[in-house]
Amino acid sequence: MEYVKNVVCPFCGTLCDDIICKVEDNEIVGTINACRIGHSKFVHAEGAVRYTKPLIRKNGEFVEVSYDEAIDKAAKILAESKRPLMYGWSCTECEAQAVGMELAEEAGAVIDNTASVCHGPSVLALQDVGYPICTFGEVKNRADVVVYWGCNPMHAHPRHMSRNVFARGFFRERGRSDRTLIVVDPRKTDTAKLADIHLQLDFDRDYELVDAMRTYLLGNEILYDEVAGVPREQIEEAVEALKKAQFGILFFGMGITHSRGKHRNIDTAIMLVQDLNDYAKWTLIPMRGHYNVTGFNQVCTWESGYPFCVDFSGGEPRYNPGETGANDLLQNKEADAMMVIASDPGAHFPQRALERMAEIPVIAIEPHRTPTTELADIIIPPAIVGMEAEGTAYRMEGVPIRMKKVVDSDLLSDREILERLLEKVKEYRASK
Ligand code: SF4
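No experiment lies behind these values; they were computed from the predicted model shown.

*Asks:* I would appreciate a short explanation of the sheet that holds strand 14 (residues 281-286) in the present structure.
*Replies:* Pairing between sheet strands relies on hydrogen bonds along the backbone, with the strands arranged either parallel or antiparallel. Ordered in space as 10-9-8-13-14, the five strands form an open sheet in which the pairing is parallel. Where the open sheet ends on each side, the last strands, each with one partner, are strand 10 (197-199) and strand 14. Averaged over all pairs of adjacent strands, the angle between their axes in this sheet comes to 15°, without regard to strand direction. Contacting strand 8 (145-149), strand 9 (180-184), strand 10 and strand 14, helix 9 (residues 232-243) runs over the sheet at an angle of about 130° to strand 10. Set on the sheet, helix 11 (residues 263-276) makes contact with strand 13 (247-252) and strand 14; between it and strand 14 the angle comes to about 155°.

Next comes the structure, spelled out in structure tokens:
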């Protein structure tokens, strides 16, 4: 048994880089340090379908084909489509994402990642009002007040709290005992059970609660005895705790990006953090989901000037979330072909989007059997980044970390598949 150290976990935005993989006969058979979700990604589950050959649907049945045939057919679909959509990207590495940008430009496609169903509202908000963030190291070493608003890291980012809250830091030698933990969530989650203060607000009323907090912070009276189901005294007490911080951090998640108000919830939360800096040092970090969702928005911004929902149909990049997002294009029945990479919209998009996916050609660059591959016409399986292929990923607060290749695979990487696809699309377009 070989122990491979300092491996980076290819699952959530916490991007833990202290994983040890146990390797036997070129197979990862166990892990040390990974949480239960990270471990289950590294270790093959008995019975799970892992594709080893590309597949094309012929007469309703999947038939095994070569990479050349599958890529040729996929390129033809992209080159002939009038409104292709290229979606996913958050579970692959930055170099593959960069080839994807080139491919989108060549195909005149719309390119979009999972941000549009996740922290896209946070992107819209920060474009309006700003982005006062810091890195994990600053949280660990300095933060004495930690807020989790609308997120449940105990379930979704399982080692986030042990790395940022329980950890002993340079100025926080006693770890958890040196920090006040505040959780804002309508439910008594496993994260909320660990909090010093749990603001158990009414669902969908976060905007009003932040507004009341800012009202009180700016020296005005809160007009109601309770706001969003939280008594005035408790709101005032929470704001006093925020004001007394030496270094405060607000982590926030889907509880406010998906609920009523969406990006407006985030922009008022950002302004609360900015206002707090008149009294104390405050920063925020969005709890980005997939391990490299942040990387796509970085690459897409460097390459096109915009972070997601980028439309290359007119040659120049154009950006208009609400019109050029994956769900907009599917639900408005605009997209006439879809390429999915490193994502599973078949499982995670709403019914109306799936209805469109069932009507148009779908290409899935995907290693496992998923609801998306059930809807696909072409399945191209890649080597898995962080296990069988290397590349760069960005942690939730923008720290880049190199993903490792732990074992060998006969399969092409996402990057190699996309490079071949790009060449073929160029050939088809040149011959038009
Ligand atoms: S917390 Fe996230 S990155 Fe860390 S081991 Fe678990 S799934 Fe992987």
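*Asks:* I would appreciate a short explanation of the sheet that holds strand 2 (residues 19-24) in the present structure.
*Replies:* The sheet built from three strands is open, its strands ordered 1-2-3 with antiparallel pairing. The strands lining the two open edges of the sheet, one partner per strand, are strand 1 (2-7) and strand 3 (27-32). In this sheet, adjacent strand axes meet at a mean angle of 30° when their direction is disregarded. The sheet contact formed by strand 2 and strand 3 spans five bridges and is antiparallel. Looking across to strand 3, one finds that Val 23 is bridged to Ile 28.

*Asks:* Can you help me understand the site of the ligand in this one?
*Replies:* Neighbouring the ligand are the residues Cys 9, Phe 11, Cys 12, Leu 15, Cys 16, Ala 34, Cys 35, Gly 38, Pro 158 and Arg 159. When the residues that make up the shell around the ligand are grouped by side-chain class, the tally is eight nonpolar, one polar and one charged.

*Asks:* Just checking my understanding: could you explain the pairing of strand 2 for this structure?
*Replies:* Two faces, one strand: in a regular strand the side chains alternate between the faces of the sheet. Across four bridges, the pairing between strand 1 and strand 2 is antiparallel. The residue of strand 2 that forms the bridge with Glu 2 is Val 23. The turn joining strand 2 and strand 3, which pair antiparallel and follow one another in sequence, is formed by two residues; a positive phi near 50° is taken by Asp 25.

*Asks:* I would appreciate a short explanation of a nonpolar patch on the surface in the present structure.
*Replies:* On the surface, a cluster of nonpolar side chains totalling about 370 Å² of accessible area is made up of Met 1, Tyr 3, Val 29 and Ile 32. What makes Val 29 partly exposed here is its relative accessible area of 34%.

*Asks:* What should I look at first to understand a negative patch on the surface in this one?
*Replies:* A contiguous patch of negative charge, built from Glu 102, Glu 105, Glu 303, Glu 316, Glu 416, Glu 419 and Glu 423, is present on the exposed surface. Counting residues per element, the negative patch draws most heavily on helix 17 (residues 414-430), which supplies three residues. Within the secondary structure, Glu 419 is located in helix 17.

*Asks:* Whenever I open this one, the packing of aromatic side chains confuses me. Can you help?
*Replies:* Think of a pair of aromatic rings as described by two things: how far the centres are apart, and how the planes are tilted against each other in angle. This structure, assessed with the given rule, holds seven aromatic pairs. An angle of 20° between the planes, with centres 6.0 Å apart, marks the rings of Trp 89 and Phe 296 as stacked. Remark: Phe 296 occurs in helix 12 (residues 293-304) and Trp 89 occurs in the loop between strand 6 (84-88) and helix 3 (94-107); sequence separation between them is 207 residues. Exposure class is identical for Trp 89 and Phe 296. Each is buried. Pairing Phe 308 with Tyr 319 gives two aromatic rings, centres 5.9 Å apart and planes at 65°, and the pair type is edge-to-face. Note that Phe 308 is positioned in the loop between helix 12 and strand 15 (310-311) and Tyr 319 in strand 16 (residues 318-319), a separation of 11 residues in sequence. In this pair, the class of Phe 308 matches that of Tyr 319, namely buried. In this structure an aromatic cluster arises from ring pairing among Tyr 306, Phe 308 and Tyr 319.

*Asks:* Looking at this structure, how should I read the side chain of Arg 172?
*Replies:* Mapping Arg 172 onto the fold places it in the loop between helix 7 (160-164) and strand 9. For the buried Arg 172, no salt bridge exists, and the shortest N-O distance to an oppositely charged side chain is 4.2 Å, to Asp 144. One polar contact links the side chain of Arg 172 to the main-chain carbonyl oxygen of Arg 142, over a distance of 2.7 Å. At 2.8 Å, the side chain of Arg 172 forms a polar contact with the side chain of Gln 246. With sequence-adjacent residues up to four places away left out, Arg 172 is seen in contact with Lys 140, Asn 141, Arg 142, Ala 143, Asp 144, Ala 167, Asp 178, Arg 179 and Gln 246.

*Asks:* Just to check I follow, could you spell out unusual backbone geometry for this structure?
*Replies:* Keep in mind that most residues, glycine aside, have a negative phi and that most peptide bonds are trans. A positive phi angle is found at Asp 204, which is not glycine, with a value near 75°. Tracing the chain through its elements places Asp 204 in the loop between strand 10 and helix 8 (206-217). One non-glycine residue, Ala 342, adopts positive backbone phi at about 55°.

*Asks:* What's the story with the packing of helix 3 against helix 17 in this structure? I'm lost.
*Replies:* What describes two packed helices is the angle between their axes and the distance between those same axes. Running from N to C, helix 3 and helix 17 point in directions that differ by 15°, and their axes come no closer than 9 Å. With respect to their mutual orientation, helix 3 and helix 17 come out roughly parallel. When the axes of helix 3 and helix 17 are compared, the crossing they make is left-handed. Packed against helix 3, whose contacting residues are Glu 95, Ala 96, Val 99, Gly 100, Glu 102, Leu 103, Glu 106 and Ala 107, the element helix 17 presents Asp 414, Arg 415, Leu 418, Glu 419, Leu 421, Leu 422, Val 425, Lys 426 and Arg 429 at the interface. Considering only residue class, the contact of helix 3 with helix 17 consists of eight nonpolar, one polar and eight charged.

*Asks:* Explain the nonpolar core to me, please; I cannot follow it from the model alone.
*Replies:* As a rule of thumb, soluble globular proteins bury nonpolar side chains together. By size, the foremost hydrophobic cluster in this structure holds 51 residues, and its most contacted members are Leu 103, Ile 111, Met 339, Ile 380, Leu 418 and Leu 421. Broken down by element, this core gets its largest block of residues, eight residues, from helix 2 (residues 67-80). Discounting residues that sit within four places of it in the chain, Leu 421 has contacts with Ile 71, Ala 74, Ala 75, Leu 78, Leu 103, Met 339 and Ile 365. Of all hydrophobic cores here, the second largest spans 36 residues; its members include Val 210, Phe 252, Ile 266 and Val 273.

Rules used throughout
Residues numbered from 1 in each chain as written. Predicted model: local features only at pLDDT ≥ 70, side-chain atom pairs only at ≥ 80, totals over all residues. Heavy atoms only, no water. Pairing = 2+ DSSP bridges. Helix = DSSP H or I, 4+ residues; strand = E, 2+ residues; numbered from the N terminus. Axes fitted to C-alpha atoms, helices over the stretch in contact; angles between N-to-C directions. Contact = heavy atoms within 4.5 Å. Near = heavy atom within 4 Å. Nonpolar A, V, L, I, M, F, W, Y, C, P; charged D, E, K, R; others polar. Patch = residues over 30% accessible without salt bridge, like charges linked within 9 Å, V, L, I, M, F, W, Y side chains within 5 Å. Areas by Shrake-Rupley, 256 points an atom, 1.4 Å probe, with all protein chains shown as cover. Salt bridge = Lys/Arg side-chain N within 4 Å of Asp/Glu carboxyl O. Buried < 20%, exposed > 50% of the residue type's maximum accessible area, 1.4 Å probe, protein only. Lys, Arg positive; Asp, Glu negative; His and termini not counted. Charge placed at Lys NZ, Arg CZ, Asp CG, Glu CD. Phe/Tyr/Trp six-rings, centres within 6.5 Å; stacked < 30°, edge-to-face > 60°. Polar contact = N/O pair within 3.5 Å; in protein donor to acceptor, adjacent residues only side chain to side chain. Parallel < 35°, antiparallel > 145°, perpendicular 65-115°, else oblique. Left-handed = near helix turned anticlockwise from the far one by under 90°. Core = buried A, V, L, I, M, F, W, Y, C linked by side-chain atoms within 4.5 Å.

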